[in-house]
Amino acid sequence: MDTKVKQDTSKARELREMANAIRALSMDAVQRANSGHPGLPLGMADVASVLFADFLDFDPVAPGWADRDRFVLSAGHGSMLLYSLLHLTGYGEITLDEIRNFRQLGAKTAGHPEYDLAAGIEMTTGPLGQGIATAVGMALAERKLAGEFGDELVDHYTYVLAGDGCLMEGISHEAIDLAGHLRLGKLILLFDDNGISIDGPTSLATSTNQLARFEAAGWDVAYVDGHDSAAIGTAIARARKTNRPSLIACKTIIGYGAPTKQGTAATHGAPLGDEEIWHAREVLDWPHPPFEIPDEILARWRATAARGAARRQAWQARVDALPTARRELLGSMLGGDLGAEFDATIEALKRRFADEQPKLATRQSSQQVLEALFDAVPWLLSGSADLSGSNGTRPANAVSIAPGEPAGNYVHYGVREHAMAATMNGVALHGGYIPLAGTFLAFADYGRPAIRLGALMRQRVVHVMTHDSIGLGEDGPTHQPIEQLASLRAMPNLRVFRPADATEVAESWACALSARETPSVLCLTRQAVPALRRRYRRGNLSARGAYLVREPQGKRQATILATGSEVEIALEAADMLARIGVDVAVASMPCWELFAQQSPEYRRIVLGNRYRVAVEAASPLGWERWVGDRGGIIGIDEFGASGKATDLYPHFGITALAVRDEVRRILQL
């Protein structure tokens, strides 16, 4: 394809000039930083220009407008494409100085887009494929919200730009399949089909016919010249009219305009070089100095926001005209509120559990909590990775979402843990619903990259992970989590809860759902555990991360620390020690992260003196922080085994007798 500017219509010429503004800013910023990826911005500039100029509804004056179209850059390495677009269209935070400061410490123009650094960045991207699955969640939330309030209030599209690498990642298969099944017709994927990866031609690693792949998953598909603005526009207009998600494969030249490097891997992840950029300016007919955009072209770009601004004002008028109750409901849902009945519902559950003293698996008590919360907070959106009955995430009042029918509060994600976690991130980012879903704790690693991204983006997502120890029994070591608790606790901005009974489950749910900027993992048992609290107590003890479930009768000689099902074992060990005259306290520690936030004084009250023993049916890694250098840890540092839970606990030494003996050892008794 000849890269010289061709004679064309006035509209095409204007769009090409707008695209070249993206190209110029991108190659200049990457060169100044001496780091970055110019190939994608140069190759997809024409597609992005058509999308923003003719289709995307947005308003930089009100960047959080709920009914805006979403644009997700799944191929996050091409971040200068997004930063150029945000600057050119008038998002005030992305100034020319920020463009010049690309990839520098403290810049809003980070190496890969980061959600909370500047308005207009819809999500953090970089790990390939995540943007596709997260966009599925955005599109799902849009359709559900439209089902609740109608298309006159909720009617927007989700566009996601993805590259070859995004489509190679396994998460893309899960997400594409789910979106096609649910018939998310307002999801449009723009595929940068340039045939180049870091190693060279994509033919080195894949022979997949992507159009056939997407079509098999129920998508509408199209193939266009990614440098033909008219063809791009026709394809997007057609995709907006279908009731299926759409793939538009845009055949592009990576590094378009770079005379000796375009079409090669050399443009993917390295600066073009001063000489190549000089010649690229000639090829693109862009005689302007670095970081300079002619007023006429900049004005043309700034005018693209007018369509969205007018639409936003009309939308706001419709919202203002709603009956008060409907307007307040919309505001509560979009604002992520928990509703007026949430606190009372949690306290009522705690009273009931105190009265009934149920001996239940914590996954079962969690299901009871969810059943009550579904009525109190109808905008909870639950689901499971084909483990609904096992996870307890589908209570009796759940309604399954069917293909093309957004009504309901339960998503059957299928065996797609990775896409499930990323889709929930998308639902949370979109707003309107609070997502939660379940799988087994041993399978946390399937969804871990998306869990990590949710923590990085500070999104309220609740991951319910049941069958949390060797206590699941006969399914054996493939299903018995050992290292998962430690690895999840190591992740920044993630709260890991392991409640010990039904009351702690209710309190953990209250904590997780109240944490607006933190995802949570609820680790729940398969086996039944007894009630620990004999009477109702107002206030959330679990919110402090740890508390004493057994006070010493006299002078405390040691403290036993435990979580989840092992709190029962700790209490039994304390009774055994009391019979030989050793006075110990027992602390339940449902959430280490919350406990670490407490005052030093409170932590000293819970932890007691320096003699401490921890017990948990999992890897001992991390407990050193709490027991100190003179403490002891009863844990498991090997994989589990197949057998009955009642046999496995003594087999691995997770017993009250072992705890008793460890206390005696550190006390030198």
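Starting from 1, residues in each chain are numbered consecutively following that chain's sequence as written. Two thresholds apply to this predicted model, a pLDDT of at least 70 for residue-level local features and 80 or more for giving and counting side-chain atom pairs, whereas whole-chain, interface and lining totals are computed over all residues. Calculation of side-chain values draws on the structure's entire complement of heavy atoms; hydrogens and water are dropped beforehand.

S.K.: Would you explain the overall build of the protein chain in this entry?
M.R.: Elements are defined by DSSP. Helices are runs of H or I of four residues or more, strands are runs of E of two residues or more, and each kind is numbered from the N terminus. Helix and strand counts for the protein chain come out as 26 helices and 20 strands. For 669 residues, the compact-globule estimate of 2.2 N^0.38 gives 26 Å, and the protein chain sits close to it at 28 Å. With the C-alpha coordinates of the protein chain rotated into their principal frame, the extents come out at 95 × 55 × 45 Å. Put simply, the protein chain has 669 residues, and 62% of those count as buried. Any two residues whose heavy atoms approach within 4.5 Å are treated as being in contact. Sequence-distant contacts in the protein chain: of pairs separated by 6 or more residues, those separated by 24 or more amount to 78%. Carbon and sulfur atoms form 49% of the exposed surface of the protein chain, whose accessible area is close to 24900 Å². Radius of gyration here is computed from C-alpha atoms only, and the compact-globule reference equals 2.2 Å multiplied by the residue count raised to the power 0.38. The classification of residues rests on relative accessible area computed with a 1.4 Å probe and restricted to protein chains. Under 20% of the type maximum is buried, over 50% is exposed, and intermediate values are partly exposed. Note that accessible areas follow from Shrake-Rupley with a 1.4 Å probe, and for residues the cover is restricted to the protein chains shown.

S.K.: What should I look at first to understand the packing of aromatic side chains in this one?
M.R.: How two aromatic rings sit relative to each other is set out by the distance from centre to centre and by the angle between their planes. Stacked, tilted and edge-to-face are the three classes applied to pairs of Phe, Tyr and Trp rings, where Trp contributes its six-membered ring and a pair requires centres within 6.5 Å; stacked means planes under 30 degrees apart, edge-to-face means over 60, and tilted covers the rest. Within this structure, the stated rule accounts for 12 aromatic pairs. Arranged with centres 6.1 Å apart and planes meeting at 80°, the rings of Trp592 and Trp626 form a pair that is edge-to-face. Here Trp592, found in helix H22 (residues 592–596), pairs with Trp626, found in helix H24 (residues 624–627); they are 34 residues apart in sequence, far enough to count as distant. Working rule: Lys NZ or Arg CZ, within 6 Å of ring centre, within 35 degrees of ring normal, means a charge sits over the ring. The residue whose ring lies beneath Arg394 is Tyr410, and the NZ or CZ to ring-centre distance is 5.6 Å. The ring of Trp592 has Arg489 lying over it, and the distance from NZ or CZ to the ring centre is 3.9 Å.

S.K.: Honestly, the pattern of salt bridges in this entry has me stumped. Any pointers?
M.R.: For this analysis, a salt bridge means a side-chain nitrogen from Lys or Arg found within 4 Å of a carboxyl oxygen belonging to Asp or Glu. All told, the structure shown has 34 salt bridges when counted by the stated rule. In this structure, Arg300 engages Glu17 in a salt bridge whose closest nitrogen and oxygen atoms are separated by 2.9 Å. Of the two residues, Arg300 sits in helix H11 (residues 295–302) while Glu17 sits in helix H1 (residues 10–33), which places them 283 residues apart along the sequence. Note on Arg300: relative accessible area 15%, which makes it buried. The closest approach of N and O atoms between Asp177 and Arg416, which form a salt bridge, is 2.8 Å. In this pair, Asp177 is assigned in helix H7 (residues 170–182) and Arg416 in the loop between strand E10 (410–412) and helix H17 (417–430), connecting sequence segments 239 residues apart. Taken together, the shared-partner salt bridges connect Asp468, Arg489, Arg498, Glu566 and Glu616 into one network.

S.K.: Sorry if this is basic, but what is going on with helix H18 (residues 444–457) here?
M.R.: Note that an α-helix has 3.6 residues per turn; residues three or four places apart therefore point the same way. The end-to-end C-alpha distance of H18 is 19 Å, a good match for the 20 Å that 14 residues give at a rise of 1.5 Å each. Along its length, H18 reaches its greatest deviation from straightness, about 35°, at Ala450. Buried within H18 are the following residues: Ala444, Gly447, Ala450, Ile451, Leu453, Gly454, Ala455 and Met457. With its phi angle positive at about 60°, Arg458 sits one or two positions after the end of H18. A helix's residues, less one, multiplied by 1.5 Å, set its expected span. Two axes enter the bend calculation: one fitted to the seven residues ending at the residue in question, the other to the seven starting there, and the bend is the angle between them.

S.K.: Sorry, what's going on with the nonpolar core here?
M.R.: One recurring pattern in soluble globular proteins is that nonpolar side chains are buried together. Core analysis: the largest hydrophobic core is formed by 168 residues, its most contacted members being Trp219 and Trp509. In terms of residue count, the dominant contributor to this core is helix H5 (residues 130–149) (11 residues). With near-sequence residues (within four places) excluded, Trp219 lies in contact with Ile176, Ala179, Gly180, Leu187, Leu189, Phe214, Arg244, Pro245, Ser246 and Leu247. Within the second largest apolar cluster, 31 residues are counted, among which are Ala562, Ala573, Phe652 and Ile666. In plain words, nonpolar cores are sets of buried Ala, Val, Leu, Ile, Met, Phe, Trp, Tyr and Cys residues tied together by side-chain atoms within 4.5 Å.

S.K.: Can you help me understand the pairing of strand E3 (residues 187–193) in this one?
M.R.: Within a regular strand, the side chains alternate between the two sheet faces. With seven of seven residues buried, E3 lies mostly within the body of the structure. Burial of the side chains of E3 extends over both faces: Leu187, Leu189, Phe191 and Asp193 are buried on one face and Ile188, Leu190 and Asp192 on the other. Pairing of strand E2 (residues 158–163) with E3, which is carried by six bridges, proceeds in the parallel orientation. Within E3, the residue paired with Val160 across the bridge is Leu189. Strands are treated as partners if at least two bridges between them are detected by DSSP. Looking at chain direction, E3 and strand E7 (residues 246–251) are connected through six bridges and run parallel. When the bridges of E7 are listed, Asp193 appears paired with Lys251.

S.K.: Would you mind going over the sheet that holds strand E9 (residues 380–384) with me for this structure?
M.R.: Hydrogen bonds between backbone atoms are what pair the strands of a sheet, whose relative direction is either parallel or antiparallel. Pairing is parallel across the open sheet formed by six strands, whose spatial order is E10-E9-E11-E12-E14-E13. The open sheet terminates on both sides in strands that have one partner only, identified here as E10 and strand E13 (495–497). Across the sheet, the mean angle separating the axes of adjacent strands is 20° when strand polarity is ignored. Across five bridges, strand E11 (residues 434–440) lies against strand E12 (residues 462–466) in parallel orientation. Paired with Leu436 across the two strands is Val462, which belongs to E12. Interaxial angle, 0 to 180 degrees, is taken between N-to-C directions of lines fitted to C-alpha atoms, where a helix line uses only the stretch in contact.

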